[in-house]
Amino acid sequence: MAYEIYIGDRMYSSWSLRGWLMLEKFSLPHNVHMVGLYSGTMAQEMAHLAPARLVPALRTPEGMVVGESLAIAETLAERHPEAKLWPSDPAQRAAARWLAAEMVAGFSSLRGECPMQLGHIYEGFEVSRGVKADLERIEALFAHARKVSGRSSGYLFGDYSLAEVFYTPVAARIMGYGLPVSEETRAYCKLLLSDPAVLKWQALAHQVSYDPEPYAMDLPKRPWSLD
Ligand SMILES: N[C@@H](CCC(=O)N[C@@H](CS)C(=O)NCC(=O)O)C(=O)O
């Protein structure tokens, strides 16, 4: 029996990426359903999942529908304790939940000004005060996570957890717009984005093209690379 995960796009939908990673990275069997995020058919294609109306949305093997990334994450973590979606240690688990919750609720400048895209690296992006403040906050949260876990590099809590799921699209924004962060944060972003699951997602993203390109910026760009 498999989960059904509804997503909208691979190149641009950060929430879709999170919803899929929660299943893919923890080896939870799933089928992917793509709905028309940019074609105007999404509402109709998701009507049977109401009141879920955004991507990602999850349907469990028994038919229960869950919307909202954090609710999906908690549902999966509760149903699959053996998969260790959250860290086992209570203090680390609390910190991981904090990071995920703050991601869902915050960083509005970064999210608004640097839409996730996995296609290319923009050059010359001018960092606003708001984006700078969001980056500083993200790095403060990473520092807190590392203090709690005692891990100075690699995944924040030692093993891959939902914290990584929630921050992978943040890493894509940092790398995709060449945003100024510490070497440690850059190394962490590269770790998240070189994950085989993310590379698989990114390769599939390139199979779809849009005209005009969503969220295109009038800036020079170069091919995607983590160098
Ligand atoms: N708070 C939601 C956000 C989900 C979300 O905004 N998804 C976007 C796609 S990235 C969406 O469905 N947009 C369609 C719309 O707003 O009509 C979550 O955590 O899952």
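Definitions and cut-offs
- Residues numbered from 1 in each chain as written.
- Predicted model: local features only at pLDDT ≥ 70, side-chain atom pairs only at ≥ 80, totals over all residues.
- Heavy atoms only, no water.
- Domains from an automatic or database assignment.
- Contact = heavy atoms within 4.5 Å.
- Buried area = accessible area lost by both parts, 1.4 Å probe.
- Salt bridge = Lys/Arg side-chain N within 4 Å of Asp/Glu carboxyl O.
- Polar contact = N/O pair within 3.5 Å; in protein donor to acceptor, adjacent residues only side chain to side chain.
- Helix = DSSP H or I, 4+ residues; strand = E, 2+ residues; numbered from the N terminus.
- Near = heavy atom within 4 Å.
- Areas by Shrake-Rupley, 256 points an atom, 1.4 Å probe, with all protein chains shown as cover.
- Core = buried A, V, L, I, M, F, W, Y, C linked by side-chain atoms within 4.5 Å.
- Buried < 20%, exposed > 50% of the residue type's maximum accessible area, 1.4 Å probe, protein only.
- Axes fitted to C-alpha atoms, helices over the stretch in contact; angles between N-to-C directions.
- Parallel < 35°, antiparallel > 145°, perpendicular 65-115°, else oblique.
- Left-handed = near helix turned anticlockwise from the far one by under 90°.
- Lys, Arg positive; Asp, Glu negative; His and termini not counted.

S.K.: What is the right way to look at the domain arrangement of the protein chain in this model?
M.R.: Many authors give the size of an interface as the accessible area that is lost as the parts come together. In terms of domains, the protein chain is made up of domain 1 (3-83) and domain 2 (90-201). A C-alpha centroid distance of 21 Å is found between domain 1 and domain 2. Between domain 1 and domain 2, the contact holds 21 residues from the first and 24 residues from the second. Together domain 1 and domain 2 conceal approximately 2100 Å² of surface at their shared face, both sides included; 74% is due to carbon and sulfur atoms. Taken as a group, Leu17, Arg18 and Lys25 account for 27% of the area that domain 1 buries against domain 2, more than any other trio of residues on that side. Among the salt bridges present, the one from lysine 200 reaches glutamate 24, with a minimum N-O distance of 2.9 Å. Remark: the boundary between domain 1 and domain 2 carries six residue pairs in polar contact (both at pLDDT 80 or more). Mapped by element, the contributors of at least two residues to the side of domain 1 that touches domain 2 are α1 (14-24) and α3 (69-79). Among the elements that line the side of domain 1 that touches domain 2, the one with the most residues is α1, at nine residues.

S.K.: Help me understand the site of the ligand, please; the structure alone is not making it clear to me.
M.R.: All residues in the neighbourhood of the ligand are listed as Ser13, Trp15, Leu37, Met42, Leu54, Val55, Pro56, Glu68 and Ser69. Between the ligand and valine 55 there is a distance of 2.8 Å, counted from a nitrogen atom to a backbone nitrogen or oxygen. Measuring from an oxygen atom of the ligand, one finds a side-chain N or O atom of serine 69 at 2.7 Å. Its free accessible area being 510 Å², the ligand has 67% of it covered by the protein chains.

S.K.: I tried to follow unusual backbone geometry on my own but got confused; where do I start?
M.R.: Glycine aside, residues mostly have negative phi angles, and peptide bonds mostly take the trans form. Between alanine 50 and the following residue, proline 51, the backbone shows a cis peptide bond with an omega angle of 10°. Structurally, the position occupied by proline 51 is in the loop between α2 (42-45) and β3 (57-59). Here the amide bond leading from valine 55 into proline 56 is cis, since omega sits at 5°, within 30 degrees of zero. Despite not being glycine, phenylalanine 107 has its phi angle at roughly 60°, a positive value. Counting through the fold element by element, phenylalanine 107 comes out in the loop between α4 (90-105) and α5 (108-113). At tyrosine 215, a residue that is not glycine, the phi angle is positive and equals roughly 60°.

S.K.: Sorry if this is basic, but what is going on with the nonpolar core here?
M.R.: Soluble globular proteins tend to pack their nonpolar side chains together in the buried interior. Leu76, Leu110, Leu162, Tyr167 and Leu179 are the most contacted members of the largest nonpolar core, which has 66 residues in total. It is helix α7 (residues 162-176) that contributes the most residues to this core, 10 residues altogether. Here this core spans two domains, and each of domain 1 (3-83) and domain 2 (90-201) adds at least three residues to it. Among all residues touching tyrosine 167, those that are not within four sequence positions of it are Leu99, Ala100, Met103, Phe107, Ile138, Leu141, Phe142 and Leu192.

S.K.: Any chance you could explain the packing of α1 against helix α9 (residues 196-205) here in plain terms?
M.R.: The angle between the axes and the distance between the axes are what describe a pair of packed helices. The geometry of α1 relative to α9 is characterised by a closest axis approach of 11 Å and an angle of 135° between their N-to-C directions. When the axes of α1 and α9 are compared, the pair comes out oblique. The handedness of the crossing between α1 and α9 is right-handed. Residues Ser16, Leu17, Trp20, Leu21 and Glu24 of α1 form the contact with α9, whose own contacting residues are Ala197, Val198, Lys200 and Trp201.

S.K.: Whenever I open this one, the side chain of arginine 18 confuses me. Can you help?
M.R.: When you line up the elements, arginine 18 lands in helix α1. Within the buried core, arginine 18 has no salt-bridge partner, and the shortest N-O distance to an opposite charge, that of glutamate 68, equals 10 Å. Contact partners of arginine 18, with chain neighbours within four places excluded, come to Met103, Val165, Phe166, Pro169, Val170 and Arg173.

S.K.: Looking at this model, I keep getting lost on the pattern of salt bridges. Mind explaining?
M.R.: Opposite charge on two side chains permits pairing when their charged atoms draw close. Applying the stated criterion to the full structure yields eight salt bridges. Among the salt bridges present, the one from glutamate 102 reaches arginine 137, with a minimum N-O distance of 2.5 Å. Highlighted residues: glutamate 102 in helix α4 and arginine 137 in helix α6 (residues 129-149), separated in sequence by 35 residues. Look at arginine 137 and you get partly exposed, because its relative accessible area is 35%.

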